[in-house]
Amino acid sequence: MASSLNSAQVESVLARLHAKARTEDPVAKERVAARESELGVRLSAPERYELYDQAPLAITEETGELYYVLVVARRPRLIVEFGASHGISTIYLAAALRDSGGGALITTEILATKAAAAEANLAEAGLADFVDVRLGDARETLAGLADPVDMLVLDGRNDLYVSILETVRPRLTQGAIIVADLGLQDPDLQAYQQHVRQAAPELASTTLP
């Protein structure tokens, strides 16, 4: 099966977006580090994301390829993504849906400028028909989902992962895949792992580097 990731249309959009992330993400993280150094304390999540501003905060190419493989293997009918940003991860997921025979992707973004960028990038990649971009607080835009969810991707504000998981969990199908993008040094990682292993013990969990 030919991968849409290798098509000129998708490949060019991803190359441009990853290059943007490699330029802008380190600068945004430096702003946060400088502010925390100045104050001598770790900023709250809302404060950090305000300083991140319009930076993509993107996944790596390797992580995107993992997303793609998981979708092609699972063949979900519905994916829910928390945190579209500029649409990099969304493109990997939507490309995999197309290559695995179809399906739908609901993605969320709280910043209007980023949501508009994600929609434009999906259209440029030829994948807009697979994706419903929902603007606003995901705890509201994902409330009351009607259809079963086969895959949940948590890739937005880290301190909200547990809340979003619990919002979507009633609609998760048997065998659904949940992916939470958290760094090993992220203080929100422990809270998320503890919740999954104690409050949601029916979920099998593993940590990948």
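Residues numbered from 1 in each chain as written. Predicted model: local features only at pLDDT ≥ 70, side-chain atom pairs only at ≥ 80, totals over all residues. Heavy atoms only, no water.

**Things to note about the overall build of the protein**
So, point 1. Looking only at helices and strands, the protein has eight helices and five strands in total.
So, point 2. Ordering the α and β elements of the protein from the N terminus gives α-α-α-β-α-β-α-β-α-β-α-β-α.
So, point 3. Scaling as 2.2 N^0.38, a compact globule of 209 residues should have a C-alpha radius of gyration of about 17 Å, and the protein matches this with 17 Å.
So, point 4. Each principal axis of the C-alpha atoms in the protein carries an extent, and together these give about 50 × 40 × 30 Å.
So, point 5. When each of the 209 residues of the protein is scored for burial, the buried share is 45%.
So, point 6. Of the contacts made within the protein by residues no fewer than 6 positions apart, 76% connect residues no fewer than 24 positions apart.
So, point 7. Carbon and sulfur atoms make up 52% of the accessible area of the protein, which totals about 10300 Å².
So, point 8. Averaged over its 19 positive side-chain charges, the protein has a centre that lies 2 Å from the centre of its 30 negative ones. (Helix = DSSP H or I, 4+ residues; strand = E, 2+ residues; numbered from the N terminus. Rg over C-alpha atoms; globule rule 2.2 N^0.38 Å. Buried < 20%, exposed > 50% of the residue type's maximum accessible area, 1.4 Å probe, protein only. Contact = heavy atoms within 4.5 Å. Areas by Shrake-Rupley, 256 points an atom, 1.4 Å probe, with all protein chains shown as cover. Lys, Arg positive; Asp, Glu negative; His and termini not counted. Charge placed at Lys NZ, Arg CZ, Asp CG, Glu CD.)

**A few points about helix α7 (residues 161-168)**
So, point 1. For α7, the set of buried residues is Tyr161, Ile164, Leu165 and Val168. Down the axis, α7 shows its buried residues gathered within 105° of arc, on one side only.
So, point 2. Where α7 is buried, its residues touch β1 (78-82), α6 (138-141), β4 (149-154), β5 (172-180) and α8 (187-199). (Arc of directions from axis to C-beta.)

**A short note on the nonpolar core**
For soluble globular proteins, nonpolar side chains are generally found buried alongside one another.
So, point 1. Counting 31 residues, the largest nonpolar core has Ile79, Ile91, Leu93 and Leu127 as the members making the most contacts within it.
So, point 2. Counting residues per element, the ones that place at least two in this core are α1 (8-39), α3 (61-74), α4 (88-99), α5 (112-124), β3 (131-135) and β4.
So, point 3. The element contributing the most residues to this core is α4, with eight residues. (Core = buried A, V, L, I, M, F, W, Y, C linked by side-chain atoms within 4.5 Å.)

**A few points about the pairing of strand β2 (residues 104-109)**
So, point 1. Burial analysis of β2 places five of its six residues in the buried class, which makes it a mostly covered element.
So, point 2. Crossover handedness for the path β1 to α4 to β2: right-handed.
So, point 3. Once you follow β2 into α5 and on to β3, the crossover reads as right-handed. (Right-handed = clockwise from strand over helix to strand, strands pointing away.)

**Details of the side chain of Ser4**
So, point 1. Along the chain, the position of Ser4 falls in the segment before α1.
So, point 2. In this structure Ser4 comes out as buried when scored by relative accessible area, which is 8%.
So, point 3. Ignoring any residue separated from it by four or fewer positions in sequence, one finds Ser4 in contact with Val10, Tyr68, Ala95, Arg98 and Asp99.

**Some remarks on the pairing of β5**
So, point 1. Both β4 and β5 contribute to a ladder of five bridges, which runs parallel. In the strand pairing of β5, Leu154 is matched with Ala180.
So, point 2. The β-α-β motif built from β4, the intervening α7 and the parallel element β5 has right-handed crossover chirality. (Pairing = 2+ DSSP bridges.)

**Here we look at the sheet that holds β3**
Pairing between the strands of a sheet comes from backbone hydrogen bonds, and it takes one of two forms, parallel or antiparallel.
So, point 1. Overall, parallel pairing links the five strands, which are arranged β3-β2-β1-β4-β5 in an open sheet. Each edge of the open sheet carries a strand with a single partner, namely β3 and β5. Going from strand to strand, the sheet's axes swing by 15° on average, the running direction of each strand aside.
So, point 2. As defined by bridge partners, β1 adjoins β2 across five bridges and the pair is classed as parallel. When the sheet's bridge partners are listed, Glu81 is paired in β2 with Thr107.
So, point 3. The strands touched by α5 within the sheet are β2 and β3, with β3 carrying the most contacts at an inclination of about 170°.
So, point 4. In this fold α7 packs onto β1, β4 and β5, with an angle of close to 170° to the strand it touches most, β4. (Axes fitted to C-alpha atoms, helices over the stretch in contact; angles between N-to-C directions.)

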